[in-house]
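# Remarks on the overall topology
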Amino acid sequence: MVHHSGSIQSFKQQKGMNISKSEITKETSLKPSRRSLPCLAQSYAYSKSLSQSTSLFQSTESESQAPTSVTLISADKAEQVNAEEDNKDSVLKCSFADLSDFCLALGKDKDYMDESEHANYDRSRLIKDSVPKDNSESKAKLSKNDMNYIASSGLLFKDGKKRIDYILVYRKSNIQYDKRNTFEKNLRAEGLMLEKEPAVSNPDIMFIKIHIPWDTLCKYAERLNIRMPFRKKCYYTDRSSKSMGSVQNYFRRIKKWMSQNPMVLDKSAFPHLEESDCYTGPFSRARIHHFIINNKDTFFSNATRSRIVYHMLQHTKYENGISKVGICKLINNGSYIAAFPPHEGAYKSSQPIKTHGPQNNRHLLYERWARWGMWYKHQPLDLIRLYFGEKIGLYFAWLGWYTGMLIPAALVGLCVFFYGIFTMNASQVSQEICKATEVFMCPLCDKNCSLQRLNESCIYAKVTYLFDNGGTVFFAIFMAIWATVFLEFWKRRRSTLTYTWDLIEWEEEEETLRPQFEAKYYKMERVNPISGKPEPHQPSSDKVTRLLVSISGIFFMISLVITAVFAVVVYRLVVMEQFASFKWNFIKQHWQFATSAAAVCINFVIIMALNLAYEKIAYLLTNLEYPRTESEWENSFALKMFLFQFVNLNSSIFYIAFFLGRFVGHPGNYNKLFNRWRLEECHPSGCLIDLCLQMGVIMFLKQIWNNFMELGYPLIQNWWSRHKIKRGVQDASIPQWENDWNLQPMNIHGLMDEYLEMVLQFGFTTIFVAAFPLAPLLALLNNIIEIRLDAYKFVTQWRRPLPARATDIGIWYGILEGIGILAVITNAFVIAITSDYIPRFVYEYKYGPCASRFEYGENCLKGYVNNSLSFFDLSELGVGKSGYCRYRDYRGPPWSSKPYEFTLQYWHILAARLAFIIVFEHLVFGIKSFIAYLIPDVPKNLYDRIRREKYLVQEMMYEAELEHLQQQRRKSGHPVHHEWP
């Protein structure tokens with residue numbers, strides 16, 4: 001996008017400019033290009049202030065030598081510079097009415113612009129309301145206040161000038177002195193400045209404060225292609241928006257009459273984010289005059305400075321050898337015990353924020369985001385991104401979007417549930433079960449079970465109807481469509497955020513190799529097809545071998561999960577006889593419920609125990625693969641953890657949904673496991689109640705456990721750390737970096753646990769939603785708490801994480817899409833196989849009283865319960881009993897020609913189930929694909945704006961280079977000339 005040239009002469013030749021004597025003049029100012037006229041006013045307004053940025057940039061030493069000193073701007077000089085900037089930037093305060101006069105003043109030459117061209121130029125295509133006003137005074141005041149706070153909070157070196165960008169921690173008693181000494185010498189050689197200071201509370205702890213000077217910042221910002229602001233944005237629209245002006249004004253008037261939305265944050269409380277109002281380009285020391293540098297101390301944000309320092313820490317050697325590199329390895333071998341960027345100060349203040357304002361961004365985030373009282377407010381995503389980085393900002397943006405989209409799903413699910421409540425007593429099936437006092441069901445176990453009246457299942461039948469009624473199919477289709485709409489609109493939301501946060505072209509420019517990958521394959525190099533530079537390469541044979549080993553490990557762990565589920569099934573078969581003969585009358589009467597509840601609790605304990613092993617195994621398998629980049633490592637690790645925990649969490653649910661009670665046989669000929677234990681049957685009211693119980697208990701207990709581990713455990717640990725410190729040290733004497741050290745570190749796997757928790761919850765919400773329509777409501781309530789819980793944890797309980805960058809949520813989006821596809825299939829099978837929807841449907845239209853009259857209603861199910869139960873002769877059991885008992889199946893009676901064989905109705909129902917699965921899947925997949933086709937990934941206006949800004953950036957960089965060329969010629973006494981086509 002930006003064409004660099006080796007010299008001024010080569011730059012001229014590149015543009016094909018021939019200079020004649022007639023063109024040379026000493027006083028004629030540079031004339032603008034017609035293509036870039038709309039934004040020239042703002043660009044020119046910064047030209048003088050930008051030219052002074054050259055004086056801020058000191059000539060750097062060679063990359064192999066470390067700077068011996070760092071140039072810092074004193075407070076007085078900073079005020080003088082800011083005062084000059086205010087005076088020179090006052091040109092920006094012109095209105096658009098003056099824009100044409102300004103442009104005409106620059107273009108008086110008739111050869112440049114004639115009257116017809118100027119007359120045809122449409123100034124109304126510039127959005128007047130969107131042009132940012134000049135606020136150089138407020139920016140200077142903000143930057144000055146920021147530096148004053150940094151000084152007052154102690155986030156500086158002992159000289160009171162150099163700010164602390166990173167902290168390393170080690171123990172004096174550690175014997176790895178040589179490695180630390182070599183590492184620190186190499187850091188100084190790379191340009192970093194270090195200062196050691198012992199801990200106040202523990203003399204064995206030593207802190208190394210790291211400061212990155214201006215020259216080193218510029219050098220590594222250029223290496224990493226970090227994009228920095230260089231021009232104010234000028235917004236542009238097309239003619240179609242003019243017709244929308246009256247409509248927009250109408251809506252604005254309506255908005256004034258409406259009360260203010262209480263969910264919207266007060267934007268006046270948040271600092272102005274300069275980068276969002278500026279065009280950006282890859283930083284270059286040779287073209288530093290292009291960029292807006294009002295203050296060297298605040299030009300690079302804290303997040304950018306931390307990222308650059310971390311990059312240097314990761315690529316610095318501590319011993320001779322290609323693999324002896326990186327702070328991570330030093331932490332692993334115990335040379336250092338921690339490395340983190342410091343927080344900006346305390347998150348609480350004795351003075352109210354409304355009257356005295358925020359002390360720092362951390363304090364502002366706590367007051368406007370992390371407090372529990374802000375649960376109903378929108379999230380300040382721009383400030384989250386500024387403080388924690390784009391990667392964490394995208395996580396909270398996705399979590400907020402997911403929570404907001406759960407509101408309609410929860411409302412529809414609640415309506416389906418209330419529909420079941422209001423029509424429960426009028427249900428024909430429930431009425432027949434509750435009135436069946438003379439119908440005896442066959443014993444459900446061999447030894448201790450007796451005949452059971454069917455009406456004893458009245459409560460279970462009514463509860464089952466709450467989840468298995470006429471709205472179940474509609475809700476399953478709705479949730480499948482909802483999942484697609486959620487994902488498609490998230491893509492649009494993500495594209496807007498990546499544009500706002502200047503991440504459109506970041507991924508291709510800044511993805512770097514992992515140090516472990518470089519150290520492993522440094523002997524095998526291949527030219528990168530993108531950059532054209534040689535880099536380490538992993539041979540295909542080695543990669544395939546490692547992948548096969550990793551896949552084998554995955555299948556082994558999945559088989560271990562299935563074995564655990566099988567063990568729980570055996571437990572259910574063993575204890576159901578014991579519960580059936582239990583001494584407590586309540587358990588004896590409800591032995592099936594007691595068996596299921598105990599099995600769910602045991603299964604939950606097994607799930608939590610296996611999760612501890614899964615993380616370590618997934619970590620080992622991922623490292624064994626040697627992924628090329630950090631994103632590949634995170635994606636591989638996340639996929640393994642998802643597969644492990646998804647199978648671990650849902651295997652028992654799949655068993656109950658699709659296998660429980662399906663292969664039990666019939667009375668007199670039951671199937672037995674190992675010829676010993678009779679397989680478990682469903683309750684007389686169906687298996688759906690067991691599935692609801694399994695889902696509800698696991699979902700509820702897992703959310704409670706996750707919330708405790710995320711917040712409760714760090715709170716206890718931090719309280720104990722503070723308790724130990726307070727024994728001999730006052731809090732006021734503890735510096736900020738030591739307070740940060742006493743906080744808990746962020747999970748070494750980053751946001752993986754947070755995403756994994758929400759993705760598994762998304763699976764619960766969609767995969768078996770036909771059996772549990774209240775799942776979206778439980779997820780919504782949990783997520784409202786989860787957002788503030790995570791915010792509180794990040795702001796108050798955790799050390800400040802590295803402000804990493806990202807353009808999307810990574811592999812999690814593909815996993816969500818896979819869950820959406822799986823949800824359609826599982827809901828089709830749940831409705832067709834687990835619920836009684838298809839048997840009722842077949843009876844109503846084929847075997848019921850309305851089958852021949854073509855009149856349909858609730859009375860058409862009259863006699864359904866009796867029709868769905870088969871007969872068995874008790875005398876065949878040989879226990880001295882006579883008569884008949886009933887069981888759930890479609891088999892011939894004992895007096896038929898083919899006793900206990902499947903009837904024709906069974907095959908009709910089986911065919912209807914298969915047909916329903918096919919029709920349901922094709923219908924829902926067709927609707928999902930059509931919706932995905934209708935919703936573009938990038939909004940049309942955003943797509944046009946991105947293309948136009950790319951065009952304007954090219955023009956502005958060209959203009960700025962020529963402006964800089966003229967200024968150099970003026971300083972050197974050479975004549976100034978025209979160079980515009």
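Please read these numbers as outputs of a predicted model, since none were measured by experiment. (Residues numbered from 1 in each chain as written. Predicted model: local features only at pLDDT ≥ 70, side-chain atom pairs only at ≥ 80, totals over all residues. Heavy atoms only, no water.)

## Quick word on the overall build of the protein
Defined as follows: Secondary structure elements follow DSSP: runs of H or I of four or more residues count as helices, runs of E of two or more count as strands, with numbering from the N terminus. Burial classes: relative accessible area under 20% of the type maximum marks a residue as buried, over 50% as exposed, and values in between as partly exposed (1.4 Å probe, protein chains only). What makes two residues a contact is simply this: any of their non-hydrogen atoms within 4.5 Å. Only the protein chains shown count as cover for residues, and all accessible areas are computed by the Shrake-Rupley method using a 1.4 Å probe.
Secondary structure assignment for the protein yields 37 helices and 18 strands. Counting over 981 residues, the protein shows a buried share of 51%. Restricting to contacts in the protein with at least 6 residues of sequence separation, those with at least 24 account for 77%. When the accessible surface of the protein is summed, it comes to about 47,300 Å², and 57% of that surface belongs to carbon and sulfur atoms.

## Description of the state of the cysteines
Our working rule: Only a pair of cysteine sulfur atoms within 2.5 Å counts as a disulfide in this structure description.
Across all of its chains, the model carries three disulfides by this definition. Covalently, Cys-434 is tied to Cys-458 through a disulfide, its sulfur atoms 1.9 Å apart. Given an S-S torsion of about 80°, the disulfide between Cys-434 and Cys-458 has right-handed geometry. Of the two residues, Cys-434 is situated in helix α20 (residues 428-435) and Cys-458 in helix α21 (residues 458-467); the sequence distance between them amounts to 24 residues. Here Cys-850 is linked by a disulfide to Cys-860, with a sulfur-sulfur distance of 2.1 Å. Disulfide Cys-850-Cys-860: torsion about the S-S bond near -90°, hence left-handed. Here Cys-860 lies in the loop between α34 (837-847) and α35 (864-868) and Cys-850 lies in the loop between α34 and α35, a separation of 10 residues in the sequence.

## Remarks on the side chain of Glu-488
Structurally, the position occupied by Glu-488 is in helix α22 (residues 472-500). You can call Glu-488 buried: its relative accessible area is 6%. Ignoring any residue separated from it by four or fewer positions in sequence, one finds Glu-488 in contact with Tyr-813, Ala-932, Ile-935 and Asp-937.

## Quick word on a nonpolar patch on the surface
Rule in force here: Residues qualify for a patch when their relative accessible area is over 30% and they have no salt bridge, like charges being joined within 9 Å and the nonpolar side chains of Val, Leu, Ile, Met, Phe, Trp and Tyr within 5 Å. In the sections that follow, a salt bridge refers to a side-chain nitrogen of Lys or Arg positioned within 4 Å of a carboxyl oxygen of Asp or Glu.
Side chains of Phe-902, Leu-904, Trp-907, Leu-910 and Leu-914 sit close together on the surface and give an oily, nonpolar patch of about 480 Å² of accessible area. Within the secondary structure layout, Trp-907 lies in helix α36 (residues 904-934).

## Considerations on the UniProt feature "transmembrane region" (unreviewed entry) in the protein
In plain terms, the rule: UniProt positions are given in the numbering used here, feature names are shortened, and annotations may be inferred rather than shown by experiment.
With numbering aligned to this structure, UniProt lists the feature "transmembrane region" (unreviewed entry) at residues 395-422, 472-490, 547-571, 591-614, 642-664, 759-781, 809-833 and 906-935. Helix makes up 74% of residues 642-664 and strand 0%, and the two end C-alpha atoms of the span are 33 Å apart. Within the segment residues 906-935, helix and strand shares are 97% and 0% respectively, and the terminal C-alpha atoms sit 43 Å apart.

## Concerning the sheet that holds strand β2 (residues 166-171)
Adjacent strands of a sheet form backbone hydrogen bonds with each other and so pair up, either parallel or antiparallel. Rules: When DSSP finds at least two bridges between two strands, those strands are taken to pair. Think of each axis as a best-fit line through the C-alpha atoms, taken over the contacting stretch in the case of a helix, with angles from 0 to 180 degrees between the N-to-C directions.
An order of β3-β4-β2-β7 is seen for the four strands of this open sheet, with the pairing classed as antiparallel. On the outer flanks of this sheet lie β3 (193-198) and β7 (338-340), each paired with one strand and no other. Across the sheet, the mean angle from the axis of one strand to that of its neighbour is 20°, orientation sign disregarded. Across six bridges, the pairing between β3 and strand β4 (residues 205-211) is antiparallel. Among the inter-strand pairings, Pro-198 is bridged to a residue of β4, identified as Met-206. In the packing of helix α9 (residues 177-190) onto the sheet, contacts are made with β2, β3 and β4, and the angle to β2 comes to roughly 165°.

## Examining unusual backbone geometry
One non-glycine residue, Asn-225, lies in positive phi territory at about 55°. Structurally, the position occupied by Asn-225 is in the loop between α10 (214-223) and β5 (227-232). With a relative accessible area of 29%, Asn-225 lands in the partly exposed category. With phi around 60°, Tyr-900 is a residue other than glycine that occupies positive phi space. By the secondary structure assignment, Tyr-900 is in the loop between β17 (884-888) and α36. Since its relative accessible area comes to 10%, Tyr-900 is described here as buried.

## Comments concerning the packing of helix α19 (residues 390-423) against helix α31 (residues 752-766)
What counts is decided by this rule: With respect to orientation, any angle under 35 degrees is reported as roughly parallel, any angle over 145 as roughly antiparallel, any angle of 65 to 115 as roughly perpendicular, and every other angle as oblique. A clockwise turn of the near helix away from the far one marks a right-handed crossing, whereas an anticlockwise turn of less than a right angle marks a left-handed crossing. Note on residue categories: nonpolar means Ala, Val, Leu, Ile, Met, Phe, Trp, Tyr, Cys or Pro, charged means Asp, Glu, Lys or Arg, and polar means any other residue, Gly included.
It is at 11 Å that the axes of α19 and α31 come closest, and there the two elements cross at 20°. By the criterion of interaxial angle, the relationship of α19 to α31 is roughly parallel. At the point where α19 passes α31, the crossing takes the left-handed sense. Residue-level contacts link Leu-394, Tyr-395, Trp-398, Leu-399, Tyr-402 and Leu-406 of α19 to Glu-754, Tyr-755, Met-758, Gln-761, Phe-762 and Thr-765 of α31. Here the residues of the contact of α19 with α31 are counted per class, giving nine nonpolar, two polar and one charged.

## Points about the packing of aromatic side chains
The description of an aromatic ring pair rests on the distance of the ring centres and on the angle between the ring planes. Filter applied, for reference: Under the pairing criterion, centres of Phe, Tyr and Trp rings, with the six-membered ring standing for Trp, must be within 6.5 Å; the plane angle then separates stacked pairs below 30 degrees from edge-to-face pairs above 60, leaving the rest tilted. Think of it as a cone above the ring: NZ of Lys or CZ of Arg counts as a charge over the ring if it is within 6 Å of the ring centre and within 35 degrees of the ring normal.
Using the criterion set out here, one finds 57 aromatic pairs in the structure. Arranged with centres 6.0 Å apart and planes meeting at 85°, the rings of Tyr-170 and Tyr-336 form a pair that is edge-to-face. Here Tyr-170, found in strand β2, pairs with Tyr-336, found in the loop between α15 (327-332) and β7; they are 166 residues apart in sequence, far enough to count as distant. The pair Tyr-170 / Tyr-336 is uniform in exposure class, with both members buried. Taking the ring centre of Tyr-220 as reference, the NZ or CZ of Arg-223 above it sits at 4.7 Å. Here the guanidinium or amino end of Arg-886 rests over the ring plane of Phe-871, the centre of that ring lying 3.7 Å away.

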